[in-house]
Amino acid sequence: MSAIAQYLADARAQMVADLTGYIEQETPSDDLAALDAGLAWVRGWLGERIGEPAEERRVDGGEHGDVAVLDYAASGGGEGRVAVLCHYDTVWPLGTLEGWPVRIDGDRLTGPGAFDMKAGLVQVVWAIRAAREAGLPLPAIRLVLNGDEETGSPASRPVIEAEVADCDAVLVFEASAEGALKTARKGVGIFQVTTRGIEGHAGLDPERGVSAIDEIARVVVQLHGAADLAAGTSVNVGTLRGGSRSNVTAGLATAMVDVRVADQEERARIDGVLQALSPRHELAELEVGGGWNRPVMQRSEGTARLFALAEEAAAELGTSIRETSVGGASDGNFAAALGLPVLDGLGAVGDGAHARHEWISIAGMLERAGIAALLLGKLASGGAR
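This one's a predicted model, so the numbers in the text were calculated from it and none came from an experiment.

Calculation notes
- Per chain, residue numbering runs from 1 following the sequence as it is written.
- For a predicted model such as this one, the threshold for reporting local features is a pLDDT of at least 70, and the threshold for listing and counting side-chain atom pairs is 80 or more; totals across whole chains, interfaces and linings nevertheless cover every residue.
- Processing note: side-chain calculations cover all non-hydrogen atoms of the structure and skip hydrogens and water entirely.
- What makes a salt bridge here is a side-chain nitrogen of Lys or Arg within 4 Å of a carboxyl oxygen of Asp or Glu, nothing more.
- By the criteria applied, helices consist of DSSP H or I runs no shorter than four residues and strands consist of E runs no shorter than two, each listed in order from the N terminus.
- Summary of the burial criterion: residues with accessible area below 20% of their type's maximum are buried, those above 50% are exposed, and those between are partly exposed, where the area comes from a 1.4 Å probe applied to protein chains only.
- The term disulfide is used for any two cysteine sulfur atoms that are within 2.5 Å.
- Here the rule is simple: two strands pair whenever DSSP picks up at least two bridges between them.
- Contacts are assigned to residue pairs that have any heavy atoms within 4.5 Å of one another.
- Between the N-to-C directions of two axes lies an angle of 0 to 180 degrees, each axis being a line fitted to C-alpha atoms and, for a helix, fitted only over the stretch in contact.
- Under the pairing criterion, centres of Phe, Tyr and Trp rings, with the six-membered ring standing for Trp, must be within 6.5 Å; the plane angle then separates stacked pairs below 30 degrees from edge-to-face pairs above 60, leaving the rest tilted.
- Geometrically, a charge over a ring is one whose NZ (Lys) or CZ (Arg) sits within 6 Å of the ring centre while staying within 35 degrees of the ring normal.
- An angle below 35 degrees is read as roughly parallel, one above 145 as roughly antiparallel, one from 65 to 115 as roughly perpendicular, and any other as oblique.
- The hand of a helix crossing depends on one turn: near helix anticlockwise from the far one by less than a right angle means left-handed, and clockwise means right-handed.
- Each residue is assigned to one class: nonpolar for Ala, Val, Leu, Ile, Met, Phe, Trp, Tyr, Cys and Pro, charged for Asp, Glu, Lys and Arg, and polar for all the others, Gly among them.

**Student:** Got a minute to help me understand the pattern of salt bridges in this structure?
**Tutor:** It is possible for side chains of opposite charge to pair when their charged atoms get near one another. One pass over the structure, following the stated rule, counts 26 salt bridges. Arg294 is the salt-bridge partner of Glu149, the closest N and O atoms lying 3.6 Å from each other. Here Glu149 is found in the loop between strand E6 (140–146) and helix H6 (157–164), whereas its partner Arg294 is found in strand E12 (residues 285–294), with 145 residues between them in sequence. For Glu149, a relative accessible area of 7% gives the class buried. The buried category is assigned to Arg294, whose relative accessible area is 6%. The residue Glu312 makes a salt bridge to Lys378 at a minimum N-O spacing of 3.5 Å. Placement of the pair is Glu312 in helix H9 (residues 301–316) and Lys378 in helix H11 (residues 362–380), with a sequence separation of 66 residues. Each member of the salt-bridge network shares a partner with another, and the members are Glu55, Arg57, Asp71, Arg81, Arg142, Glu163 and Asp166.

So, in structure tokens, the structure goes:
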């Protein structure tokens, strides 16, 4: 067993305790008081585990969770700067722990937010500790923590884009995809289509009314017809609302639409489809709102180099890793759109994001922390360039 693997094996109980303590700090995206308390806990824990940063900034998130940026100096002769992205918010409402406390069953640890993505931050912290213990060089590390990722990162996006701009590489400790690292992610669009008609008595005067529901139904057919799964494009009308009563011609209807695309060409095509939507009836109105929430994260040459370095790190620990492309988006999409090499999915091995069976593998947590430690060492030696 390598020195790093042995160090992490010896630290297993402490890593589990750290993750348990973190999960027990409930951090729902919509509770500012809980987010503030959770970030305070994280900040104190980081100081205990990896020391005080050389520089620190905290950006007010307004109605969302704040963004904390912690800069740690290079060490051991390391060069370059690497950004590490981790969000501390979860989808679970305050009080979830009462009915679902942290539980350990053999290698599995379950609890709200364990997989998405609290284990990821624990792993990178212990990766830094392991690398220091082994005497590996480390690059300057810029740790960016945001509390609004689960709601689309509306407040943190400009902060993330500014903070990663001068970095050589970006590592995202979101959970893995069935163990695989993520080298490509789809772009995500969230749109709202609103139709307006003219209300009227559906029985007494059916010809005078103009149905907004009829209009929105035709839109749904058009939008679903625009999907091209072979090209990686999905279009889903997830919710429909409209009308007031069954005997009233509907005056208003809305559809919420989720779009996923794998490249810029498909994004442009979908933009064209949305712009071309129009009402059938001359007295009806149609409006499209919303927009693209996250840009496409395409597998670049830089990202391929990062994955190759991670493969080397895994091989040095006697294991292997895979890469994959996924439909979900993360804050890594923002960095990739700036042309930076991004390696995502470096976090937990497990399953159940946003689900009651959310769990992580403890052995996987140790293994991935070891891979991250070696990867950081390689990046400190110019591996990202």
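**Student:** Help me out: how do you make sense of the state of the cysteines in this one?
**Tutor:** Disulfide: a covalent bond formed between the sulfur atoms of two cysteine residues. Counting across every chain of the model gives 0 disulfides. Free cysteine: Cys86, not disulfide-bonded; nearest cysteine sulfur from Cys167 at 14 Å. Classification of Cys86 as buried rests on a relative accessible area of 2%.

**Student:** How do you make sense of the sheet that holds strand E16 (residues 359–361) when you look at a structure like this?
**Tutor:** Within a beta sheet, neighbouring strands are joined by backbone hydrogen bonds and run either parallel or antiparallel to one another. Taken together, 4 strands build an open sheet; the order of strands is E4-E5-E16-E15 and the sheet is antiparallel. Whereas interior strands pair on both sides, the edge strands pair on one side only; in this sheet they are strand E4 (103–105) and strand E15 (350–351). Where strand E5 (residues 108–110) and E16 come together, 3 bridges link them in antiparallel fashion. Paired with Leu109 across the bridge in E16 is Ile360. Docked against the sheet, helix H2 (residues 12–23) engages E4, E5 and E16, running at close to 20 degrees with respect to E5.

**Student:** Honestly, the packing of aromatic side chains in this entry has me stumped. Any pointers?
**Tutor:** Where two aromatic rings form a pair, the distance of their centres and the angle of their planes describe that pair. Scanning all chains against the criterion turns up 6 aromatic pairs. Between the aromatic rings of Tyr7 and Trp126, the centroid separation amounts to 6.3 Å while the plane-to-plane angle is 40 degrees, which identifies the pairing as tilted. Placement of the pair is Tyr7 in helix H1 (residues 3–10) and Trp126 in helix H5 (residues 114–133), with a sequence separation of 119 residues. When its relative accessible area of 19% is taken as the criterion, Tyr7 is described as buried. Given the relative accessible area of 3%, Trp126 is considered buried. Between Trp92 and Trp100 the ring centres are 5.0 Å apart and the planes differ by 85 degrees, which places this aromatic pair in the edge-to-face class. Residue classification places Trp92 among the buried residues on the basis of a relative accessible area of 10%. Taking NZ or CZ as reference, Arg108 lies 3.6 Å from the ring centre of Trp359, over its face.

**Student:** I'm lost on the packing of H9 against H11 in this one. Help?
**Tutor:** Between two packed helices, the angle of one axis relative to the other and the distance separating the axes together describe the packing. At a closest axis distance of 8 Å, the pairing of H9 and H11 adopts a crossing angle of 125 degrees. Of the possible angle classes, the one that applies to H9 and H11 is oblique. For the pair H9 and H11, the crossing hand works out as right-handed. Between H9 and H11, the residues in contact are Leu306, Leu309, Ala310, Glu312, Ala313, Ala314 and Glu316 and Ile371, Leu374, Leu375, Lys378 and Leu379, respectively.

**Student:** Would you mind going over the packing of H2 against H11 with me for this structure?
**Tutor:** One way to put it is that H2 packs onto H11 with a least axis distance of 11 Å and a crossing angle of 105 degrees. Relative to H11, the element H2 is oriented roughly perpendicular. On H11, the residues that touch Arg12, Met15, Val16 and Leu19 of H2 are Ile362, Met365, Leu366 and Ala369. When the residues that make up the contact of H2 with H11 are grouped by side-chain class, the tally is 7 nonpolar, no polar and 1 charged.

**Student:** It is not clear to me how the sheet that holds E12 should be interpreted in this structure. Could you clarify?
**Tutor:** Reading across the sheet, the 4 strands line up as E10-E11-E9-E12 and stay open at both edges, with antiparallel pairing between neighbours. Strands at the two margins of the open sheet, each flanked by one partner only, are strand E10 (234–242) and E12. Between one strand and the next, the sheet's axes are offset by a mean angle of 15 degrees, whatever the strand orientation. Alignment of strand E9 (residues 187–196) against strand E11 (residues 252–261), held across 10 bridges, turns out to be antiparallel. From the neighbouring strand, Thr195 faces E11, where its bridge partner is Ala253. In the packing of helix H7 (residues 212–225) onto the sheet, contacts are made with E9, E10, E11 and E12, and the angle to E10 comes to roughly 170 degrees.

Nothing here speaks to function; it is geometry throughout.
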